[in-house]
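Fold and contact review
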Amino acid sequence: MDQDREIRVGVVGVRRGESFIRGATGAVGMRLTAICDIWEERLERVGRAHGVATFTDYGDFLDSGLDAVILANYFHEHAPFAVRALAAGKHVLSETAANGTLAEGVALCRAVERSGCTYMLAENYCYTLFSQEMRRLYQTGEIGRVTYAEGEYNHPMAPEARLRLAPGEDHWRNRIPSTYYCTHALAPLVYITGSMPRMVNGLSISAPEVEEETVRRGDAGSVILCRTDDGAVFRIFGLSLPGHSNWYRVHGTKGAMEIARGPGYFGPGHVRVWHEAWNRWPGQALERSYLPEWPEHAELAERAGHGGGDFWTNFHFARAIRSGEAPFLDVYRAVAMSSVGILAWRSALQEGQPVQVPDFRDEAQRAPLEDDTWSPWPAGDPRAPSSILPSREPSAEALERARRIWSDL
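The structure contained in this document is the topic of the report that follows. (Residues numbered from 1 in each chain as written. Predicted model: local features only at pLDDT ≥ 70, side-chain atom pairs only at ≥ 80, totals over all residues. Heavy atoms only, no water.)

1. Brief notes about the layout of surface pockets
Rules: Both cavities and pockets are sets of points on a 1 Å grid over the protein atoms alone; in a cavity a 1.4 Å probe fits but cannot get out, in a pocket the set is open with protein on both sides within 12 Å along at least five of seven lines, and lining residues sit with an atom within 4 Å of a point. Grid points are joined across faces, edges and corners, and a volume is the space filled by probe spheres set on the points. Elements are defined by DSSP. Helices are runs of H or I of four residues or more, strands are runs of E of two residues or more, and each kind is numbered from the N terminus. We call Asp, Glu, Lys and Arg charged. Ala, Val, Leu, Ile, Met, Phe, Trp, Tyr, Cys and Pro are nonpolar, and the rest, Gly among them, are polar.
What the largest pocket holds in volume is close to 1300 Å³. In this structure, the largest pocket is lined by 42 residues; those nearest its centre are Arg15, Tyr74, His171, Trp172 and Arg173. Mapped by element, the contributors of at least two residues to the lining of the largest pocket are α4 (78-87), α7 (159-165) and α8 (172-175). Of all the elements, α7 adds the most residues to the lining of the largest pocket, at three residues. For the lining of the largest pocket, the per-class residue count stands at 22 nonpolar, 11 polar and nine charged. By volume, the second largest pocket is sized at about 260 Å³. Taken together, Ser19, Arg22, Gly23, Thr25, Ala27, Val28, Leu300, Arg303, Ala304, Gly305, Asp310 and Phe311 make up the lining of the second largest pocket. Residue assignment for the lining of the second largest pocket shows that the elements contributing at least two residues are α1 (17-23), α10 (298-303) and α11 (309-323).

As structure tokens, this is what we get:
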């Protein structure tokens, strides 16, 4: 496209989407022109605040002269919206997860290939200050080839806050299995090392007392082991067990690195690197810990949400559109990482049996999944369970409390 013209962007979703609405500015070569949601009261309020057109009909929104669409709608509904946008010739930046079923993942890959448009996963945890620094360090070869890595995204919330985020018994947050929200933990490891998952083992952690005041039917946490295409093993932990944790560690053949643990959601933000005395470069320190600097655009990144990641997703999306080169978080990595959550859940329901992750670049590997619509969502056919427990129904007291809170929203 014309390198001097701003990319005309529309955002779907006026709750989580407000971060993208604020970030679609000339600073990244974008211009917000439209927003879309069925929540009319908030839609009109946000539209007035930003002086842009508002739409409740997605088709009309796509026809409004957009170059690109940013999807910040519900977790399990991104793929169908993305496929429609791609078919209409729009570039797509999609929140996680890329796909809610394996069939959607196949359809999404094919839609990108047919369209020739840019698709990018808006996985903001890849672009925190420490994730970018760990990627830079890994690419220098200082710690060698990855052998083992750990990623944690565990985000507990007070029961009332969780209920306000999930208004309705069938809201996706109340149905999501514990492994599905895995990309915040997995994607930074993929970004740092370039490795891709090829097999998963999942174990779910059921703790009903953690959710007894909510109406969630899913388990509170999970552990996923990923065997990667270069032979490494990744351990992924989350979801909402008490004890915030957003942390990453990478072990290589020549050393290791991690984010320093500490108070606060992102900790102190320091990167720690260490080596064995017999396995280091001449003159190299055995251990060091430091606060890295942004590679560029520090002021803009510091003002953005999710540790700066919300700025960088818009930045790299715009850069990919202008260059015509696929972003790192392209459709194949997006679908593979999102499908890890689905496949790990199948493993968890079999107490950790290994499950292969297909290469979604390969039509021969993905074609057998084109009709695989298994999911825990209300329209799932067949409907998957949300918990490893045989029955995980909310109590009458929890339902009454939830409905009281929802009535005030």
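2. Brief notes about the pairing of strand β5 (residues 91-94)
Basically, it comes down to this: Burial here depends on accessible area, computed with a 1.4 Å probe over protein chains only, as a share of the maximum for the residue type. Under 20% is buried, over 50% is exposed, and the range in between is partly exposed. Two strands pair under a simple rule: DSSP has to find at least two bridges between them. With the strands aimed away from the viewer, a crossover counts as right-handed if its path from the first strand over the helix to the second runs clockwise.
The side-chain alternation of β5 yields two buried faces, one formed by His91 and Leu93 and the other by Val92 and Ser94. Across four bridges, the pairing between strand β4 (residues 68-71) and β5 is parallel. Within β5, the position partnered with Leu71 by the bridge is Ser94. Following the backbone out of β4, through α4 and into the adjacent parallel β5, one traces a crossover that is right-handed. Where β5 meets strand β6 (residues 119-121), three bridges bridge the pair, whose relative direction is parallel. For Ser94, the partnering residue across the bridge sits in β6 and is Leu121. Regarding the hand of the β-α-β motif, the stretch spanning β5, helix α5 (residues 102-115) and β6 is right-handed.

Distances and angles like these do not, on their own, reveal function.
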